[in-house]
Amino acid sequence: DGGITQSPKYLFRKEGQNVTLSCEQNLNHDAMYWYRQDPGQGLRLIYYSQIVNDFQKGDIAEGYSVSREKKESFPLTVTSAQKNPTAFYLCASRARGAGEKLFFGSGTQLSVL
Amino acid sequence: QKEVEQDPGPLSVPEGAIVSLNCTYSNSAFQYFMWYRQYSRKGPELLMYTYSSGNKEDGRFTAQVDKSSKYISLFIRDSQPSDSATYLCAIAGAGSYQLTFGKGTKLSVIP
């Protein structure tokens, strides 16, 4: 079945530690996205990538980094510079073209120990 | 003014009621309108997709877009407890790779 796989489902970060969230899609989509969701805040865009080896900052990119070495993969690293990382992180993808539908993975809950 | 406004609720209705969820937006260039349903601690799933103005119906769900008023709605008929979730509106402009999301409305359908 085609879809977007996020792992792990739950992740814990210690003080000063970098952690990486995985996102893989087999939908052959060109564009991939990372969102952060906090209670009452809605979805906030962290980074997005329209093609391999290219990505752009979203609204809240500080303290995060990404890479896009393969079309299928768009990992997100939460660095130690992100002082409030506890949130639900969602990866999404869509095909190239205006108005294409956005599809989401099942999310990763990151908490600070 | 925020680009998309959505009442966060919570909204609580009895089973079988008709539910109306709404968003307003400010940018007249938006052309693509979507509704997502999100169960607790799950990824949002696309429920309805509409291009430009008009209505779209899918089973118990109807999406309406009024571009003149910059107002979109989602109606749920014969609501069920399984409809209890957060509903997010999302809007995009032509040629844009980004969607603008509302903050979501939390709906509870009481048996």
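Scroll up a little and you will see the structure.
Let me sum up the structure you'll find in this document.

## Details of the overall build of chain A
No. 1: Looking only at helices and strands, chain A features 0 helices and 11 strands.
No. 2: Along chain A, helices and strands appear, N-terminal first, in the series β-β-β-β-β-β-β-β-β-β-β.
No. 3: In terms of C-alpha radius of gyration, chain A reaches 13 Å, essentially the compact-globule figure of 13 Å for 113 residues.
No. 4: With the C-alpha coordinates of chain A rotated into their principal frame, the extents come out at 40 × 25 × 25 Å.
No. 5: In chain A, which comprises 113 residues, the share counted as buried stands at 50%.
No. 6: Long-range pairs, those at least 24 residues apart, make up 52% of the contacts in chain A with a sequence separation of at least 6.
No. 7: Looking at chain A as shown, the accessible area adds up to about 5,300 Å², and 46% of this sits on carbon and sulfur atoms.

## What about the environment of B:Ser84?
Residue and element names in this part refer to chain B.
No. 1: Structurally, the position occupied by serine 84 is in the loop between β8 (71–76) and β9 (85–93).
No. 2: In this structure the C-alpha to C-alpha distance between serine 84 and serine 40, which are 44 residues apart in sequence, comes to 9.5 Å.
No. 3: Non-local contacts of serine 84, meaning those with residues more than four positions away in its chain, are made with Tyr39, Leu107, Ser108 and Val109.
No. 4: A polar side-chain atom of serine 84 sits 2.9 Å from the main-chain carbonyl oxygen of proline 81.

## Points about the state of the cysteines
As used here, a disulfide is simply a covalent bond connecting the sulfur atoms of two cysteines.
No. 1: Taken as a whole and judged by the stated rule, the model has 2 disulfides over all chains.
No. 2: At a sulfur-sulfur separation of 1.9 Å, the disulfide partner of A:Cys23 is A:Cys91. An S-S torsion of about -75° defines the bridge between A:Cys23 and A:Cys91 as left-handed. Residue A:Cys23 is located in strand β3 (residues 19–25), and its partner A:Cys91 is located in strand β9 (residues 87–94); the two are separated by 68 residues in the primary sequence. For the pair shown, A:Cys23 and A:Cys91 are each scored as buried.
No. 3: Disulfide partner of B:Cys23: B:Cys89, at an S-S distance of 2.0 Å. Judged by the sign of its S-S torsion, about -100°, the bond between B:Cys23 and B:Cys89 is left-handed. Taken together, the residues B:Cys23 in strand β3 (residues 19–25) and B:Cys89 in strand β9 connect sequence positions 66 residues apart. In this pair, the class of B:Cys23 matches that of B:Cys89, namely buried.

## Things to note about a nonpolar patch on the surface
Residues and elements named next belong to chain A.
No. 1: The grouping of Tyr10, Phe12 and Leu113 at the surface amounts to a nonpolar patch, some 380 Å² of accessible area in total.
No. 2: The residue leucine 113 is located in the segment after β11 (108–112) in this model.
No. 3: What makes leucine 113 exposed here is its relative accessible area of 64%.

## Brief notes about the interface of chain B and chain A
No. 1: Taken together, the 18 residues of chain B in the interface contact 25 residues of chain A.
No. 2: Approximately 1,900 Å² of surface area, both sides summed, lies buried where chain B meets chain A, with 57% of it carried by carbon and sulfur atoms.
No. 3: Of all residues in chain B, B:Arg41, B:Tyr97 and B:Phe101 bury the most surface against chain A, accounting for 37% of the area lost on that side.
No. 4: Inspection of the region where chain B meets chain A yields 0 salt bridges.
No. 5: At the level of secondary structure, the elements contributing two or more residues to the side of chain B that touches chain A comprise β4 (30–38) and β5 (45–51) of chain B.
No. 6: It is β4(B) that contributes the most residues to the side of chain B that touches chain A, 3 residues altogether.

How each quantity is defined
- Residues numbered from 1 in each chain as written.
- Chains lettered and ligands numbered in written order.
- Predicted model: local features only at pLDDT ≥ 70, side-chain atom pairs only at ≥ 80, totals over all residues.
- Heavy atoms only, no water.
- Helix = DSSP H or I, 4+ residues; strand = E, 2+ residues; numbered from the N terminus.
- Rg over C-alpha atoms; globule rule 2.2 N^0.38 Å.
- Buried < 20%, exposed > 50% of the residue type's maximum accessible area, 1.4 Å probe, protein only.
- Contact = heavy atoms within 4.5 Å.
- Areas by Shrake-Rupley, 256 points an atom, 1.4 Å probe, with all protein chains shown as cover.
- Polar contact = N/O pair within 3.5 Å; in protein donor to acceptor, adjacent residues only side chain to side chain.
- Disulfide = S-S within 2.5 Å.
- Patch = residues over 30% accessible without salt bridge, like charges linked within 9 Å, V, L, I, M, F, W, Y side chains within 5 Å.
- Salt bridge = Lys/Arg side-chain N within 4 Å of Asp/Glu carboxyl O.
- Buried area = accessible area lost by both parts, 1.4 Å probe.

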